[in-house]
Amino acid sequence: MNMNEMRALIDSFGPSGPLVFVGLCIAGIFLHLPEIVLIALGGLLFGFVEGFIYGWIGVIAGSTGTFLCVRYFMRDAFQESLESRFHRLQAFDERLTAHGFLTVLLLRLVLFLAPPLNWAIGLTRVRFRQYIAGSALGVIPGIAITCYFADTIARLKSAETVFTLKM
């Protein structure tokens, strides 16, 4: 599928096109797809600003969804196993909890959208608000850079096509 076909597909959803893209981002996170590719696709399809906004919403919603699934369905069993076997990991979890926002922020800045990060943090005692705030701020640079480059490539490709047609 080329860019024109992808744009036509998104346009076929009318005003709901951005919601379809956000849903695709959320599904991509749950399915462990390379999220950076989806973010780049947003930059190609919607341009820098809209691609950034839709990608950011999709990333935050998807990563929060996986965090909550792990938190409510796996954390208790993991914590019991952790306490009985690995006392050092328990101490690490306590330190992580004490500095949740900063830890999540730094991990997002370094690891960006790594899907295992959502799972790993969901297993800890980091508070939900700290996770959301750290993630929301920490992914901004990665999404912005990805959308900027994708939009720039799309504009260069469009300019190249126009230039080729005129010659």
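Residues numbered from 1 in each chain as written. Predicted model: local features only at pLDDT ≥ 70, side-chain atom pairs only at ≥ 80, totals over all residues. Heavy atoms only, no water.

*Asks:* Got a sec to walk through the overall build of the protein chain? Specific residues and values, please.
*Replies:* For the protein chain, the helix and strand inventory stands at 10 helices and zero strands. Secondary structure elements in the protein chain, listed N-terminal to C-terminal, are α-α-α-α-α-α-α-α-α-α. Of all 167 residues assigned to the protein chain, the portion counted as buried reaches 41%. In the protein chain, once contacts between residues fewer than 6 apart in sequence are set aside, the share between residues at least 24 apart is 79%. For the protein chain, the exposed area adds up to about 9,800 Å²; of that, 71% sits on carbon and sulfur atoms. (Helix = DSSP H or I, 4+ residues; strand = E, 2+ residues; numbered from the N terminus. Buried < 20%, exposed > 50% of the residue type's maximum accessible area, 1.4 Å probe, protein only. Contact = heavy atoms within 4.5 Å. Areas by Shrake-Rupley, 256 points an atom, 1.4 Å probe, with all protein chains shown as cover.)

*Asks:* Run through the packing of aromatic side chains, naming residues and quoting values.
*Replies:* Within this structure, the stated rule accounts for six aromatic pairs. A ring pair is formed by Phe67 and Phe128, whose centres lie 6.1 Å apart and whose planes are at 35°; its orientation type is tilted. Linking Phe67 in helix α4 (residues 48–73) with Phe128 in helix α9 (residues 128–138), this pair joins segments that are 61 residues apart in sequence. By relative accessible area, which is 36% here, Phe128 ends up partly exposed. Judged by centre distance (4.0 Å) and plane angle (10°), the ring pair of Phe67 and Tyr131 falls under stacked. Residue Phe67 is located in helix α4, and its partner Tyr131 is located in helix α9; the two are separated by 64 residues in the primary sequence. This pair shows no difference in class: Phe67 is buried, exactly as Tyr131 is. What links up through ring pairs into an aromatic cluster is the set Phe21, Phe46 and Tyr54. (Phe/Tyr/Trp six-rings, centres within 6.5 Å; stacked < 30°, edge-to-face > 60°.)

*Asks:* Quick one: what's the story with the packing of helix α2 (residues 17–30) against α4, residue by residue and with numbers?
*Replies:* Contact geometry of α2 with α4 gives a least axis separation of 8 Å together with a crossing angle of 40°. Considering the relative orientation of α2 and α4, their crossing is right-handed. Along its contact with α2, which presents Pro18, Phe21, Val22, Cys25, Ile26, Ile29 and Phe30, the element α4 presents Tyr54, Gly55, Ile57, Gly58, Val59, Ala61, Gly62, Ser63, Gly65, Thr66 and Cys69. For the contact of α2 with α4, the residue count by class is 12 nonpolar, six polar and no charged. (Axes fitted to C-alpha atoms, helices over the stretch in contact; angles between N-to-C directions. Left-handed = near helix turned anticlockwise from the far one by under 90°. Nonpolar A, V, L, I, M, F, W, Y, C, P; charged D, E, K, R; others polar.)

*Asks:* I'd love a proper account of helix α8 (residues 115–122), names of residues and values included.
*Replies:* The complete set of buried residues in α8 reads Pro115, Leu117, Asn118, Ile121 and Gly122. Each buried residue of α8 sits inside an arc of 160° when the element is viewed along its axis, so together they form one side. (Arc of directions from axis to C-beta.)

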